[in-house]
Amino acid sequence: MEKETICVQGGYESKNGEPRVLPIYQSTTYSYDSSEELAKLFDLSKDGHMYSRISNPTVAAVEKKVAALEGGVGAMMTSSGQAASLISVLNITSSGDNFICFSNLYGGTTNLFAVTLKKLGIEARFVSLEDSDEDIEKLIDEKTTLIFAETISNPSLEVLDIERYAKLAHKNGIPLIVDNTFATPMLCRPFEWGADIVVHSTSKYMDGHAEVVGGMIVDSGKFDWSKYKGLSEPDESYHGVTYTKDFKELAYITKARVQLMRDLGSTPSPFSAFLLNNGLETLHLRMLRHSENALAVAKHLKESKKVSWVNYPGLEDDKYHVLANKYLDNGLSSGVVSFGTINGKEGATRFMDSLKLAKICVHVADLRTCVLHPASTTHRQLTDEQLESAGVKPEFIRFSTGIENINDILSDIDQALEKV
Ligand SMILES: *Cc1c(COP(=O)(O)O)cnc(C)c1O
């Protein structure tokens, strides 16, 4: 099936007389006729649901849809994007290990990696997109487990050269994990360019309606995990299962579920999965409109004297335009535009406070136009140095273009720019 069809129909198929729409299986538990059968589920020798912390039919249908959209072999939904990032790293990283990540990552991810994982004895080694491959390789040693990056970084909107970093990772025997939240599989499928694992905050475009927080981990099934002992040696906590041997290309995603989801319990509710599925059904239409509207907004802002700079990979003179054309479907660059007003932080605040249609929200990438001032909100916990390397200036506004009529969005912008 093509991506658009998977959005609408993937993951769930109604059989004769069954509900046409994915049902919400609001049940923690599942009944079986014999203990023997249930024992087989515990042994992982038989497929099926036993307890909703680990899996649930509604959640499973959405996981199947997202795995198909990304072209992966399996997926696991989590209660948030943060949980997805955490589990994607912990699944192959232990105390004493380190990993490489980019300094332009989402603020929440940066905090998780630099502060919380550090307390667990895991060191995140931050690199920049400006660093050469040699610079990055200097930081890779025998304890380095992975490279973590964002397809389109939030909020600096830098487009990742996925092929380059996949090659660099593989040359060093480690996987590339890509946070594909902003692009979504409608604009980019990182596995096609060599990425090994994809994570999402489904709270953004995938849900798209700003209704439900969620996350997803998708496994390409292609990486060779034989050097990763947690996957290639027996799991004592799971009576000796060896993931690479027993689950082959599903090793990574199976371990994430039966070991880490079992132990950490960052489980999504079936209702959250249902809402996410509703969002995914129109993802293909929305990403087109978001991208069209955002390009119009970016061009419009560029012409204003009240605006000092505009970043949008869809603009021809943007630093990331060439990469956007290579990696993003038809160069469509999602709905997020970042720009700076004149008069620094004060100008930015006056612009934001004057908007009427666009609201100030701690959210991004949903169907209603919204704005945020990262330096005083999402990135508030970062030091000045971290702000600098995350590309967040004091006058920086993150403009999340919705799918309203473009004329209404532009007139709102114009009246607010007059106040700057
Ligand atoms: C929002 C976001 C996250 C965190 O996801 P939550 O669902 O808010 O936990 C991670 N990565 C990116 C790129 C994001 O935009």
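Colleague: Looking at this structure, how should I read the pattern of salt bridges?
Modeller: Side chains that differ in charge, positive against negative, can pair when their charged atoms come close. Taken as a whole and assessed by the stated rule, the structure comprises 15 salt bridges. One salt bridge in this structure joins Arg 189 and Glu 192, with 3.1 Å as the shortest N-O distance. Several salt bridges converge on common partners, so that one network encompasses Glu 123, Arg 125 and Asp 141.

Colleague: Honestly, the packing of aromatic side chains in this entry has me stumped. Any pointers?
Modeller: What describes a pair of aromatic rings is the distance from one ring centre to the other and the angle between the planes of the rings. One pass over the full model with this rule turns up 12 aromatic pairs. Here the aromatic rings of Phe 113 and Phe 148 are separated by 4.9 Å at their centres, their planes lie at 85°, and the arrangement is edge-to-face. Note that Phe 113 is positioned in helix H5 (residues 107-119) and Phe 148 in strand S4 (residues 144-150), a separation of 35 residues in sequence. Each member of the pair, Phe 113 as well as Phe 148, is classed as buried. Here the aromatic rings of Phe 339 and Phe 351 are separated by 5.4 Å at their centres, their planes lie at 85°, and the arrangement is edge-to-face. Separated by 12 residues along the polypeptide, Phe 339 in strand S9 (residues 336-341) and Phe 351 in helix H15 (residues 344-354) bring together distant segments of the chain. An identical accessibility class is assigned to Phe 339 and Phe 351; each is buried. Three or more aromatic residues link up through ring pairs in this structure, and these residues are Phe 223, Trp 225, Tyr 228 and Tyr 252. The ring centre of Tyr 106 lies 5.0 Å from the NZ or CZ of Lys 204, which sits over that ring. Looking at Lys 393, its charged tip hangs above the ring of Trp 309, at a distance of 4.6 Å from the centre.

Colleague: What exactly am I supposed to notice about helix H11 (residues 251-264) here?
Modeller: It helps to recall that an α-helix has 3.6 residues per turn; residues three or four apart then point in one direction. Its 14 residues give H11 an end-to-end C-alpha distance of 19 Å, which sits within 8% of 20 Å, the value for a rise of 1.5 Å per residue. Counting buried positions over the 14 residues of H11 gives 12, a clear majority of the element. All buried positions along H11 are accounted for by Ala 251, Tyr 252, Ile 253, Thr 254, Lys 255, Ala 256, Arg 257, Val 258, Gln 259, Leu 260, Met 261 and Arg 262. Of the residues one or two after H11, Gly 265 is the one with positive phi, at around 65°.

Colleague: Would you mind showing me how to read the packing of helix H4 (residues 81-90) against H5 here?
Modeller: To characterise two packed helices, one gives the angle between the axes of the helices and the distance between these axes. Axis separation between H4 and H5 bottoms out at 10 Å; the angle between their running directions is 45°. Between H4 and H5, the crossing angle belongs to the class labelled oblique. In terms of crossing hand, the pair formed by H4 and H5 is right-handed. Taken together, the residues of H5 that come into contact with H4 (itself represented by Gln 82, Ser 85, Leu 86, Val 89 and Leu 90) are Gly 108, Thr 109, Leu 112, Phe 113 and Leu 117.

Parameters and conventions
Residues numbered from 1 in each chain as written. Predicted model: local features only at pLDDT ≥ 70, side-chain atom pairs only at ≥ 80, totals over all residues. Heavy atoms only, no water. Salt bridge = Lys/Arg side-chain N within 4 Å of Asp/Glu carboxyl O. Phe/Tyr/Trp six-rings, centres within 6.5 Å; stacked < 30°, edge-to-face > 60°. Helix = DSSP H or I, 4+ residues; strand = E, 2+ residues; numbered from the N terminus. Buried < 20%, exposed > 50% of the residue type's maximum accessible area, 1.4 Å probe, protein only. Lys NZ or Arg CZ within 6 Å of the ring centre and 35° of its normal. Expected span 1.5 Å × (residues − 1). Axes fitted to C-alpha atoms, helices over the stretch in contact; angles between N-to-C directions. Parallel < 35°, antiparallel > 145°, perpendicular 65-115°, else oblique. Left-handed = near helix turned anticlockwise from the far one by under 90°. Contact = heavy atoms within 4.5 Å.

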